[in-house]
Amino acid sequence: MKELHYDVLVIGAGAGGLAAAAEVAKHDATCALVERESHLGGILIQCIHNGFGLEEYKEELTGPEFAERLAVEVRNSAVDVYTDTTVTQLETDTDDGLKIAYCFSAVYGVIRISARAVVLAMGCRERNRGNIRTPGTRPAGVYTAGLAQRLVNIEGYIPGKDVVIVGSGDIGLIMARRMTWVGATVHAVIEIQPYPSGLTRNIVQCLNDFDIPLYLSHVVSRIEGRDRVEKVRVSPLDNGIPDEDNSFDIPCDTLLLSVGLVPENELSKEAGVDINPQTNGALVDSTMMTSVDGVFSCGNVLHVHDLADWVAEEARRTGRYAVQYLRNKRPNRQVRIKAGANVRYINPTMFDPDNPDKLYFRSLIVKNQAKLHLKLDHNPVKEVKMSHIQPSEMLHVNLKPKDVASWNIMKDSVLEVSVE
Amino acid sequence: MSQQEPIQEMICISCPLGCHLSLYKDETDKLTVTGNKCKRGVVYAEEEFYAPKRVVTCTCRAESTVLPRLPVRTTTSLPKEHIDALLKAAYELTVKPPVACGQVLIEDFNGTGVNLIASMSLGADR
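The rules we used
- Residues numbered from 1 in each chain as written.
- Chains lettered and ligands numbered in written order.
- Predicted model: local features only at pLDDT ≥ 70, side-chain atom pairs only at ≥ 80, totals over all residues.
- Helix = DSSP H or I, 4+ residues; strand = E, 2+ residues; numbered from the N terminus.
- Rg over C-alpha atoms; globule rule 2.2 N^0.38 Å.
- Buried ≥ 20, exposed ≤ 12 C-beta atoms within 10 Å, placed from the backbone.
- Contact = placed C-beta atoms within 7 Å.
- Pairing = 2+ DSSP bridges.
- Axes fitted to C-alpha atoms, helices over the stretch in contact; angles between N-to-C directions.
- Nonpolar A, V, L, I, M, F, W, Y, C, P; charged D, E, K, R; others polar.
- Domains from an automatic or database assignment.
- Arc of directions from axis to C-beta.

### Topic: the overall build of chain A
Thinking step 1. The helix and strand tally for chain A stands at nine helices and 30 strands.
Thinking step 2. For 420 residues, the compact-globule formula gives about 22 Å, and the C-alpha radius of gyration of chain A, at 23 Å, lands near that figure.
Thinking step 3. Viewed in the frame of its principal axes, chain A has a C-alpha envelope of about 65 × 55 × 40 Å.
Thinking step 4. Residues classed as buried in chain A amount to 49% of the 420 residues present.
Thinking step 5. The long-range share in chain A, meaning contacts at least 24 apart out of those at least 6 apart in sequence, stands at 63%.

See the structure below:
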């Protein structure tokens, strides 16, 4: 078994892992980047549509272009990259405080990597039919939207001709356009919520452009077909219950599911990392460090982001914090942050009053002319106007030193974030 | 004006607000827009009405054992009426690696001034 040592180990080479590794190398720490696929860039490679890079690179790029820029940055740095290599176990309870990762690879054999700090950047996987418990038969032709995207864009296979999409998440909307552009007919998008769960620009450019109907407050209540999907039953929701009397059938041969993502945290849990039930990602402090000393988390494995640009931004910060940890630069004090009224979650869940940073959060409500309230121990300390909020659009607020300077912070103070 | 039926309705995508715009034409054929909360809505509506354009992203066949499809895109947005023809041309194209990201595969498509370029680098087979 090959034994290697690095200052920082980054697990996963998608938008998050690449940006984190590049940043670690930029600050003169040694870094290993381990990726189970043979390419760098993760899921970005199959996201061939545009809309990436506007924040990170100030120009509009496709997923593969965005990935290539990050990959070139890493390749030109001192980061050691191990592709085709899967981390199967992460040990954190060692006597000397080193983290040990056991990696398996057809290229490198078994590798044992020890590192002083670890950045978890494994991303998410898709929720599937089992997660939403759709009744019916079990024919071929039911795919998650991301799998279909991989088949079409990378492998070059078209999964079906007559398509119904469940869920109006961004991947589902992007696939509605993609399937139309490869010659399939998309008959409908079915959304359980009363509002779309994807970005407005995707509703317009992927559905309205092709007159694809979007059924809000509807569910697919049954899948039918013996060997292949033949039709699906679509039911409007009446007080949350499928209304049988007003249900209708849509004949189709393919059902694509875009019903949410789950952070892939098996490795994190095994390493003893505490998980936030609101995000299914790790609980992190103001430096993106998890409950395990020296283990950091960023990107979609921490919480699901709307934009890869934000993943990269968060990951760069995380890489910097990991290097500061190596140099024993830790916050002197941290203040807990609590999600208040109409806020589903906030990340990170602490801030450092001496080094306040960016906070990402999600609203539970749809509203124009909304207001963000920050309260320290029930006293209002900051208010921000937000022109529009909705659950599907991730929001952020920048805490600035000049904000925090005047706050009367006690030892057990709590900052509450709410919107109305 | 308010009694008149709008000639077209659309959602502005200049920002996440997503204003619902209504477009009207008066006797002089002048376009007016309502429902916009800022002036970008008018610019968006005028372009969408007179000359709608989209960036097109798809794939070409690649003569490669590493990757059977090469992702490609238009350099800028393409007038909508040319999209189907561009997709057809892209799907008929076979690209032989090595290809550099940004390499032009089809120049000045149908006289639109828009190029089709590779959106990923693909090395030659070993």
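### Here we look at the environment of cysteine 58 of chain B
Thinking step 1. Relative to the helices and strands, cysteine 58 of chain B is located in strand 5 (residues 57-62).
Thinking step 2. Judged by the 23 C-beta atoms lying within 10 Å of it, cysteine 58 of chain B is buried.
Thinking step 3. Each C-alpha atom of the pair cysteine 58 of chain B and glutamine 8 of chain B lies 29 Å from the other, and the pair is 50 residues apart in sequence.
Thinking step 4. Here cysteine 58 of chain B is in contact with Trp181 of chain A together with Val72, Leu87 and Ala90 of chain B, once residues within four sequence places are set aside.

### Focus: the sheet that holds strand 3 (residues 31-34) of chain B
Residue and element names in this part refer to chain B.
Thinking step 1. The strand order 1-2-3 describes an open sheet built from three strands, whose pairing is antiparallel. One side of each edge strand has no neighbouring strand; the edge strands of this open sheet are strand 1 (8-11) and strand 3. This sheet shows a mean twist of 25° between the axes of neighbouring strands, independent of strand direction.
Thinking step 2. Here strand 2 (residues 20-25) pairs with strand 3 via four bridges, running antiparallel. Paired with tyrosine 24 across the two strands is threonine 32, which belongs to strand 3.
Thinking step 3. Taken strand by strand, helix 1 (residues 40-50) contacts strand 1, strand 2 and strand 3, and its axis lies near 130° from that of strand 3.

### Quick look at the interface of chain B and chain A
Thinking step 1. The interface is formed by 20 residues belonging to chain B together with 19 residues belonging to chain A.
Thinking step 2. Residue assignment for the side of chain B that touches chain A shows that the elements contributing at least two residues are strand 5 and strand 6 (69-74) of chain B.
Thinking step 3. In terms of residue class, the side of chain B that touches chain A is built from 12 nonpolar, five polar and three charged.

### So, the domain arrangement of chain B
Thinking step 1. Its domain assignment divides chain B into domain 1 (8-50) and domain 2 (54-118).
Thinking step 2. Summarising the inter-unit geometry, the C-alpha centres of domain 1 of chain B and domain 2 of chain B are found 31 Å apart.

### Considerations on the domain arrangement of chain A
It is common to give the size of an interface as the accessible area lost on bringing the parts into contact.
All names here are of chain A.
Thinking step 1. One can read the domain layout of chain A as domain 1 (2-125 + 262-330), domain 2 (128-259) and domain 3 (337-419).
Thinking step 2. Computed over C-alpha atoms only, the centres of domain 1 and domain 2 are separated by 32 Å.
Thinking step 3. Across the contact, six residues belong to domain 1 and seven residues belong to domain 2.
Thinking step 4. For the side of domain 1 that touches domain 2, the residue count by class is three nonpolar, two polar and one charged.

### Some thoughts on helix 4 (residues 145-155) of chain A
All names here are of chain A.
Thinking step 1. Looking only at helix 4, the buried set comprises Ala145, Gly146, Ala148, Gln149, Val152 and Asn153. Taken end-on, helix 4 shows its buried residues confined to a sector of 155°, consistent with a single buried face.
Thinking step 2. Just downstream of helix 4 lies glycine 156, where phi reads positive at about 85°.

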